[in-house]
Amino acid sequence: WEHDLPARTNLRLQAYYDRTARQAIHFGEERNTFDFDLLLRTPIGRRHQLSWGAGARTSDSDVTPKFSTLTLVPEDRNQRLASVYAQDEIAVLRDELFATVGTKLEHNTYTGWEVQPSARLLWRVDTQETLWAGATRAVRTPSRVETDLRLTQFVMPSPLTYAKLVATPLFDAEGLLGLEAGYRRLVTPSVYVDVTAFHNIYKNLSSYGPFTFTLEAVPLPHLLATTTYENGIRATSDGLEIAPDWRPRGWLRLRGSYALLSIN
């Protein structure tokens, strides 16, 4: 539902309900999700365009294991998510320099509050050139796999050995700090070229912990190697993207792209 309010303010409400019922080979799941979002956009004076809003989601999952070697503990979990959001688009210099700053505060079932700020700057040098840069922090919150899973797998018969993966409720959110900058130029009246460079810093990425070995007597004597999910990996990625856009005729448009990506 969308509605225009006084003072050039725009209000948008969105809600949905989703039900999933699946019967996989190893487990069954029933999930009911309710989601609600509110967004308001309003100008403040001549230089500011303010956007703000809030959202809430509840997703109730009930898992039915079919084998003792693959379970989720607990089998029934309600995952809740709540967020508030604010962003200001600022015309620092009219028709020339623009800044966008904002943040999203999000609370989830697993890691509590997460802050995701963003800042961007755009400079229209002239009618043919544009420069921009941005910095953003984003997170991926844990899923039931990282926090609730219990998985046992046969390894070898002699000596009889099994491996077990145990999720942990202490699994933290994966984090990303993204830095990017770009340049766009109108080379001729029919040719645009976009060049973008970026550097991403990741932390707390999902990994496996060290194995611990125990001797088990049930149902038969065997060796059990157990590992857990951990936030054990850091990473960086650097890249460059070039995207030309050519319109040789009014009815013909040609686009190309080149991307270089380096991941550590």
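Before going into details, it helps to say that this report is about the structure given with it. (Residues numbered from 1 in each chain as written. Predicted model: local features only at pLDDT ≥ 70, side-chain atom pairs only at ≥ 80, totals over all residues. Heavy atoms only, no water.)

**Here we look at the environment of Leu5**
Right, on to step 1. Residue position: Leu5 is located in strand β1 (residues 2-5).
Right, on to step 2. For Leu5, a relative accessible area of 33% gives the class partly exposed.
Right, on to step 3. Beyond its immediate chain neighbours, meaning those up to four positions away, Leu5 contacts Leu11 and Leu40. (Helix = DSSP H or I, 4+ residues; strand = E, 2+ residues; numbered from the N terminus. Buried < 20%, exposed > 50% of the residue type's maximum accessible area, 1.4 Å probe, protein only. Contact = heavy atoms within 4.5 Å.)

**Some details on the nonpolar core**
Right, on to step 1. Membership of the largest hydrophobic core is limited to 8 residues, which are Val63, Leu70, Leu72, Leu149, Leu165, Ala167, Phe171 and Tyr229.
Right, on to step 2. Setting aside its immediate chain neighbours within four residues, Tyr229 contacts Val145, Glu146, Leu149, Leu165, Val166, Ala167, Thr168, Phe171, Ser206, Ser207 and Tyr208. (Core = buried A, V, L, I, M, F, W, Y, C linked by side-chain atoms within 4.5 Å.)

**Description of the environment of Asp35**
Right, on to step 1. The residue Asp35 is located in strand β3 (residues 27-44) in this model.
Right, on to step 2. Spatially, the C-alpha atoms of Asp35 and Asp60 are 12 Å apart, while their sequence positions differ by 25 residues.
Right, on to step 3. Beyond its immediate stretch of four places on either side in the chain, Asp35 contacts Gln14, Ala15, Tyr16, Ala56 and Arg57.
Right, on to step 4. A distance of 2.7 Å separates the side chain of Asp35 from the side chain of Arg57, its partner in a polar contact. (Polar contact = N/O pair within 3.5 Å; in protein donor to acceptor, adjacent residues only side chain to side chain.)

**Let's talk about the pairing of strand β6 (residues 76-93)**
Along any regular strand, the residues point their side chains to alternate faces of the sheet.
Right, on to step 1. The pairing of strand β4 (residues 48-65) with β6 spans 15 bridges and is antiparallel. Its bridge partner lying in β6, Thr58 is registered against Arg80.
Right, on to step 2. Alignment of β6 against strand β7 (residues 97-108), held across 12 bridges, turns out to be antiparallel. Counterpart to Val84 in the pairing with β7 is Leu105.
Right, on to step 3. Turn length for the β6-β7 hairpin, with the two strands adjacent in sequence and antiparallel, is 3 residues, and the turn residue Asp95 shows positive phi of about 60°. (Pairing = 2+ DSSP bridges.)

**Some words on the packing of aromatic side chains**
Right, on to step 1. Going through the model one piece at a time under the given rule, you end up with 4 aromatic pairs.
Right, on to step 2. An angle of 35° between the planes, with centres 6.4 Å apart, marks the rings of Phe211 and Phe213 as tilted.
Right, on to step 3. In this structure, Arg184 is placed above the aromatic ring of Tyr192, and the distance from its NZ or CZ to the ring centre is 4.0 Å. (Phe/Tyr/Trp six-rings, centres within 6.5 Å; stacked < 30°, edge-to-face > 60°. Lys NZ or Arg CZ within 6 Å of the ring centre and 35° of its normal.)

**As for the pattern of salt bridges**
Right, on to step 1. Taken as a whole and judged by the stated rule, the model has 14 salt bridges.
Right, on to step 2. Salt-bridge contacts for Asp194 lead to Arg184; the nearest nitrogen and oxygen are separated by 3.3 Å. With Asp194 in strand β13 (residues 191-208) and Arg184 in strand β12 (residues 174-188), the pair connects residues that are 10 residues apart, well separated along the chain.
Right, on to step 3. What makes Asp194 partly exposed here is its relative accessible area of 25%.
Right, on to step 4. Each of Arg77, Arg144 and Asp148 takes part in salt bridges that share partners, so that together they form one network. (Salt bridge = Lys/Arg side-chain N within 4 Å of Asp/Glu carboxyl O.)

**A closer look at unusual backbone geometry**
Right, on to step 1. Note that the residue after Ser158, namely Pro159, is joined by a cis bond; omega there is -10°.
Right, on to step 2. Relative to the helices and strands, Pro159 resides in the loop between β10 (149-157) and β11 (160-166).
Right, on to step 3. At the junction of Val218 and Pro219, the peptide bond is cis and its omega measures out at -5° in the coordinates.
Right, on to step 4. With respect to the secondary-structure elements, Pro219 resides in the loop between β14 (212-216) and β15 (222-249).
Right, on to step 5. One non-glycine residue with positive phi stands out, namely Ala7, at about 60°.
Right, on to step 6. Residue position: Ala7 is located in the loop between β1 and β2 (9-23).
Right, on to step 7. Judged by relative accessible area, Ala7 falls into the exposed class, the value being 58%.

Shape descriptors only; they carry no functional weight alone.
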